[in-house]
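Structural characterization, general
Here is what each chain is made of, one letter per residue.
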Amino acid sequence: MDPASETWLDLDLTDPAAFVDNDPHAYWRVVRARAPVHWRPGVGRRPGFWVVARHADVRAAYSDHESLISSRGTVLDVLLRGEDSAGGRMLAVTDRPRHPALRRVLGRAFSPRVLDEVVRAVRARTDRLVAAVARGAEFDFAADVADRVPMNTICDLLSIPDGDRPALLRWNKAALSSDGAQVDPYGAVEARNEIVRYLTELARARRARPGDDVISAIAAAEVRGRRLPLEDVALNCYSLVLGGDESSRVSAICAVKALAEHPGQWRALRDGGVGLDTAVEEVLRWATPAMHFARTAARDVVIGGRQVRAGDVVTLWNTSANDDEAVFDRPRRFDLGRTPNRHLSLGHGAHFCLGAFLGRAELRALLAALRESVAEVDLRGEPTPIHSTFLRGYSALPVSFTPRRTPRATGAAGAAVGAGPA
């Protein structure tokens, strides 16, 4: 599609192939310039929705949790089908006054006592996986490394049995995206249902015989004076799986692709010219795996000078906000030393990503392992794009890693990985 065309703004944002077949960066550049807040009419029985593209407007909308609520759903395709069945029960789709109390319960899963051990496991697993593939031969980074770190990390957090983890990964992939142009919405719903069924049975077992694990802690906790129903425990554990796997996995794949395509930045990282903290933030901005989040207007509100009516669906496009020329100098330049870096990949406001520290730790571990064990990163074929209205990234990435002749000292890398939140 020609960005100069008058039909450019008519790109179907509900089509999973929209940003596989079209350049998202060119598209959003036009939207920010011509129609930074605009209404997309509904088609048939499908309702219309607002599109918000500029950084300032997206950030302000995330902060306005009184006018723009999450309990009807936070993903466009769910809202266009109706309401999220987990509304008011799962943290991501809950509003005040229940949201802060539920967030405090789930926040215990990310306490320093719990995360110290998990982060150590992340570093050890990532070091081992990267060293194993740094042999100079072609391999699929997605399958051999990226698939194995985030899901195992969140499964460590939840004490999921090893034998159950492959099925959980398979269901989670099917729930949000597809490797092909034909996305099966019924298959996605069934995949989500499988995850919730599995976690409900696990929560039932942990409530009956509690252990020293996160699921047991959530199952035993009270929210506003009452224990959560078992299905609500499962839904909130699913929220941790969803946030802990997809975004970290897609960010890792995008990171390696970007390093291969920007050899100068790879050398700066490898040779210590840029720090891990700033590199992690630039990877998060560059990748922006969750293209958007959605809200519903609880009352009439003005966004970017446009009048939004109560009941309207509002989509906040992180992928555009993170490219906004008003905030980021040369936004399409991959710059691992970029600072400041006010990206919105982890959200903003009351719904800021609960697992932000853990997600950053996973990326730090990957970048540190690459710096320690790899001399060169080379693409060896075309990556397989994800087809999704929500996620953007790749499900397969053929690459090769040339090993370092003399590995860097592990102590310095490990110390950098274990640093606190950026």
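The structure contained in this document is the topic of the report that follows. Worth saying up front: this structure is predicted, and the values here are computed from it rather than measured. (Residues numbered from 1 in each chain as written. Predicted model: local features only at pLDDT ≥ 70, side-chain atom pairs only at ≥ 80, totals over all residues. Heavy atoms only, no water.)

**What about the state of the cysteines?**
Where two cysteines share a covalent bond between their sulfur atoms, that bond is called a disulfide. Taken as a whole and assessed by the stated rule, the structure comprises 0 disulfides. Here Cys 155 is not disulfide-linked; the sulfur of Cys 237 is the nearest cysteine sulfur, at 11 Å. Summary of cysteine pairing: Cys 254 is not part of a disulfide, and the nearest cysteine sulfur, belonging to Cys 353, is at 16 Å. Residue classification places Cys 254 among the buried positions, given a relative accessible area of 10%. (Disulfide = S-S within 2.5 Å. Buried < 20%, exposed > 50% of the residue type's maximum accessible area, 1.4 Å probe, protein only.)

**A word on the sheet that holds strand β1 (residues 37–40)**
Strand order in the open sheet formed by 5 strands is β1-β2-β10-β7-β3, with mixed pairing between adjacent strands. Of all strands in the sheet, those with a lone pairing partner are β1 and β3 (68–69), marking the two edges. Here β3 pairs with strand β7 (residues 292–297) via 2 bridges, running antiparallel. Across the sheet, Leu 68 pairs through a bridge with Ala 297, a residue of β7. This element, helix α3 (residues 55–63), spans β1, β2 (49–52), β3, β7 and β10 (313–317) of the sheet and lies at about 125° to β10. (Pairing = 2+ DSSP bridges. Helix = DSSP H or I, 4+ residues; strand = E, 2+ residues; numbered from the N terminus. Contact = heavy atoms within 4.5 Å. Axes fitted to C-alpha atoms, helices over the stretch in contact; angles between N-to-C directions.)

**Thoughts on the packing of aromatic side chains**
Applying the stated rule across the entire model yields 10 aromatic pairs. Residues Phe 19 and Trp 28 carry aromatic rings whose centres are separated by 6.1 Å and whose planes lie at 40° to one another, so their mutual orientation is tilted. Residue classification places Trp 28 among the buried positions, given a relative accessible area of 1%. These aromatic residues form a ring-pair network of at least three members: Phe 19, Tyr 27, Trp 28 and Trp 317. One residue, Arg 285, lies across the ring of Phe 328, its end atom 5.3 Å from the ring centre. The ring of Trp 286 carries Arg 332 above its face, with NZ or CZ at 4.0 Å from the centroid. (Phe/Tyr/Trp six-rings, centres within 6.5 Å; stacked < 30°, edge-to-face > 60°. Lys NZ or Arg CZ within 6 Å of the ring centre and 35° of its normal.)

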